[in-house]
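Residues per chain are reported as follows:
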Amino acid sequence: MIKIENLVKTFGKINAVDGLNLTIEKGSVFGFVGPNGAGKTTTMKIMAGLMRASLGSIFIDDVDIVKNPSIIKEKIGYMPDFFGVYDNLKVSEYMDFYADAYYIPTNERKDLINNLLETVNLSQKIDSYVDSLSRGMKQRLCLARSLINDPDILILDEPASGLDPMARAEMKDILKQLKQLDKTIIISSHILPELHQMCSEIGIIDHGRLIDCGSINDIMIRGSKYRNIYVKYLNNGEKLLLILKEYKEVFEIKEGIGEINFSFNGDDLILSQILTQAVKKDVSVVSFGEKEGDLEDLFIKLTQDAQTEETEVKQ
Amino acid sequence: MKNPVFKREINTMFRSFRTFIAIGAYGLGMLGITALILFDVILDNSRFNGFDPKVTIELFCCMLALQTMVVFLAVPAFSASAISGERERQTFDLMLLTKMSTSDIIWGKLLSSLLFVFIMITAALPVYSVVFYYGGVSIPDLILVYFFDLTYAASIGSISIFFSSLFKRTVISTVLSYLTLVFYPIIITVLTLLIYAGDYNITDSSWLFKIIMSVNPIAACLSIIAYFSGTDIMMFLFGRGNAENGIKIWQMAIFFNIIISCFFAKLSASIIDPIGKNKYR
């Protein structure tokens, strides 16, 4: 289990991370979400031992890694958002260099490198120069590198940034594979639908503070005050519109072609009444249902709320 | 050598065309200059005065000066990008993540620069054979020169790596390395001249004088040339005085170069340590 307690990192007068508290369960896939400059990368760099915290603690299995940084190199694998590769090395040599740098015995390296390259689907490129790899392949190579010390915790900062849809899908498949290996994976990403698919929990961070944390569904329920309902129909849409306007629980009605969306703060009984009434008034309903929450909308809403609260406090 | 950075640097160094051009250019340069001196000095001497073995020592001293100059020019060019180059390539953080200590990284970089210098000056070894052909210089003398130049390269390399650790841009670290290495001996020379102005009779082998002179690479180079010429630096420069009784200035310079190398390597390792004890929190 990872426990971050009151983590602070200041750069001059700016608090990049401002009293962050967070708990990440062992074996979970945790998504770190936040706008640019929210403090995600800074937090990840502190966890990876690339930056010293100004205050606070990070516990991995009850050991404070801020005070015992040597543990980081054993337990954590990190893939930064921007990284370079040694172009004049072959893929196998590149991996061998990092295996050497982790002091992995020479006789164990060959199998380890082969296995890791197989995991990231780069076995066929083992003798190619790193220079000749595509961006997606380099990204996967860097992922293989971050696994070379067999870390319990894998920190991936924007692993899919700059990749085309195909490469992103490949990266997603590999991460799903890694999920099976019982590693704790922490991912930051701007591509929220992807996090939605992969993460068991997310933490929304803004201005260095945690705004909300938990399973995506819990956050959705907490974050959205109203239910979003859609009705698809073939004809008599104007009648449906009149019915909806009769209910005080219905608001923010949006009309589309053959479709009406609205926000609703009532219970299922009232919803069934609306549907019955629509059918009685000859509205040819094709489908009627509740839309799944949109993580992206929720993220924007939560970060905007946090900003508004901050402005109010300052005033 | 178990240092992973050193192994990787060596591996990639010999894949770079730049390495072969540098070594080839140095070898050809040495050969050309030696040939010029040979024709001009040795053949002239032998025609009119018979062959004088002292001339080979002069030739050897010229080669030593040239070699030291090349070390001075080449080492910062390679070392000043040691850390800043990794930062620019965005590979630096990845190296810090590994189990290597920051000292391992710095020493790996420094030793690979030294190995390059060693290979470069060794490539010119056949040129030195001309000196052996005429006699007057022994193999231990040559080993001594190599050792002197390697310690000098280590001190220059460590200073360049220090700037490379301090600044993110290679251009800045390279410029500052050269500026420091050019102005530092000039400032020391001016200081020495100010302290000992007009005093050509330094015969007491003053330790202060020796220390000031030994930290000056120009003086150290002149001292070793004077040593091979069988004289003293004061005698060599001014035709009078005697300042090198006991331990020689160039011997102290070797010691000083080793101290400088260790100091700046340690300092650089501390600078690049992201979570070091003395890091700003």
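First, a word on what this report is: a plain description of the structure on this page.

Parameters at a glance
Residues numbered from 1 in each chain as written. Chains lettered and ligands numbered in written order. Predicted model: local features only at pLDDT ≥ 70, side-chain atom pairs only at ≥ 80, totals over all residues. Heavy atoms only, no water. Core = buried A, V, L, I, M, F, W, Y, C linked by side-chain atoms within 4.5 Å. Buried < 20%, exposed > 50% of the residue type's maximum accessible area, 1.4 Å probe, protein only. Helix = DSSP H or I, 4+ residues; strand = E, 2+ residues; numbered from the N terminus. Contact = heavy atoms within 4.5 Å. Buried area = accessible area lost by both parts, 1.4 Å probe. Salt bridge = Lys/Arg side-chain N within 4 Å of Asp/Glu carboxyl O. 1 Å grid on protein atoms, 1.4 Å probe; cavity = no way out; pocket = protein on both sides within 12 Å on 5 of 7 lines; lining within 4 Å. Points joined across faces, edges and corners; volume = space filled by probe spheres on them. Nonpolar A, V, L, I, M, F, W, Y, C, P; charged D, E, K, R; others polar. Pairing = 2+ DSSP bridges. Axes fitted to C-alpha atoms, helices over the stretch in contact; angles between N-to-C directions. Parallel < 35°, antiparallel > 145°, perpendicular 65-115°, else oblique. Left-handed = near helix turned anticlockwise from the far one by under 90°. Polar contact = N/O pair within 3.5 Å; in protein donor to acceptor, adjacent residues only side chain to side chain.

### Details of the nonpolar core
Core analysis: the biggest nonpolar cluster contains 96 residues, and Ile 2, Tyr 94, Met 95, Leu 141, Leu 143 and Ile 186 of chain A have the highest contact counts within it. With 7 residues, the single largest contributor to this core is helix 3 (residues 91–101) of chain A. With residues up to four places along the chain from it excluded, the contact list for Tyr 94 of chain A reads Gly 84, Val 85, Tyr 86, Leu 89, Val 130, Leu 141 and Arg 145 of chain A together with Leu 94 of chain B. In terms of nonpolar packing, the next biggest core, distinct from the first, is built from 50 residues, Leu 59, Val 71, Phe 148 and Leu 181 of chain B among them.

### Things to note about the interface of chain B and chain A
Across the contact, 27 residues belong to chain B and 34 residues belong to chain A. Together chain B and chain A conceal approximately 2,900 Å² of surface at their shared face, both sides included; 55% is due to carbon and sulfur atoms. Where chain B meets chain A, there are 4 salt bridges. A salt bridge links Asp 93 of chain B to Lys 45 of chain A, with the shortest nitrogen-to-oxygen separation between them at 3.6 Å.

### Comments concerning empty space enclosed by the protein
All names here are of chain A. Summed over all chains, the structure comprises 1 cavity of 30 Å³ or more. Each pocket or cavity is described by its volume, and for the largest cavity that value is around 30 Å³. For the largest cavity, the full set of lining residues is Val 29, Leu 175, Lys 176, Lys 179, Ile 185, Ile 187 and Met 198. When residues of the lining of the largest cavity are traced back to their parent elements, those giving at least two are helix 6 (165–179) and strand 8 (184–188). When residues of the lining of the largest cavity are assigned to their parent elements, the largest contribution, 3 residues, is made by helix 6. Looking at the lining of the largest cavity residue by residue, the classes come out as 5 nonpolar, no polar and 2 charged.

### Considering the sheet that holds strand 11 (residues 227–233) of chain A
All names here are of chain A. The 4 strands are arranged 12-13-11-14 in an open sheet whose pairing can be described as antiparallel. Two strands in the sheet have a free side with no partner beyond their single neighbour: strand 12 (250–256) and strand 14 (285–290). Taken pair by pair, the neighbouring strands of this sheet meet at an average axis angle of 15°, ignoring direction. Bridging between strand 11 and strand 13 (residues 259–264) involves 6 bridges; their strand directions are antiparallel. Looking at strand 13, one finds that Asn 228 is bridged to Ser 263. Here helix 10 (residues 268–280) sits on the sheet and contacts strand 11, strand 12, strand 13 and strand 14; the angle it forms with strand 14, its principal contact strand, is near 170°.

### A word on the packing of helix 3 of chain A against helix 4 (residues 106–119) of chain A
A packed helix pair is summarised by two numbers, namely the angle formed by the two axes and the spacing between the axes. Residues and elements named next belong to chain A. Between helix 3 and helix 4, whose axes approach to 10 Å, the crossing angle comes to 120°. Between helix 3 and helix 4, the angle is such that the two are oblique. Handedness of the crossing formed by helix 3 with helix 4: right-handed. Residue-level inspection shows Val 91, Ser 92, Met 95, Asp 96, Ala 99 and Asp 100 of helix 3 in contact with helix 4, the latter providing Arg 109, Ile 113, Leu 116 and Leu 117. For the contact of helix 3 with helix 4, the class distribution of residues is 6 nonpolar, 1 polar and 3 charged.

### Things to note about the side chain of Ser 214 of chain B
All names here are of chain B. Considering the arrangement of structural elements, one finds Ser 214 in helix 10 (residues 207–214). Its relative accessible area of 5% is what places Ser 214 among the buried residues. Only 2.9 Å separates the side chain of Ser 214 from the backbone oxygen of Ile 211, close enough to count as a polar contact. Ser 214 has contacts with Ile 249, Met 252, Ala 253 and Phe 256, leaving out every residue within four places of it along the chain.

### Observations concerning the packing of helix 3 of chain A against helix 5 (residues 135–146) of chain A
Residue and element names in this part refer to chain A. Relative to each other, helix 3 and helix 5 sit at 30°, their axes nearing to 10 Å. Classed by the angle they form, the pair helix 3 and helix 5 counts as roughly parallel. In this structure, the crossing between helix 3 and helix 5 has a hand that is right-handed. In this structure, helix 3 uses Val 91, Tyr 94, Met 95 and Tyr 98 to contact helix 5, whose residues at the interface are Leu 141, Ala 144 and Arg 145.

### Structural notes on the sheet that holds strand 3 (residues 29–33) of chain A
All names here are of chain A. What the 6 strands build is an open sheet, ordered 6-7-8-3-9-10; its pairing is mixed. Looking at strand neighbours, the two that pair on one side only are strand 6 (76–79) and strand 10 (209–214), the edges of this open sheet. Looking at each pair of strands side by side, their axes are set apart by 15° on average, direction ignored. As paired strands, strand 3 and strand 9 (residues 201–206) are joined by 4 bridges and run parallel to one another.

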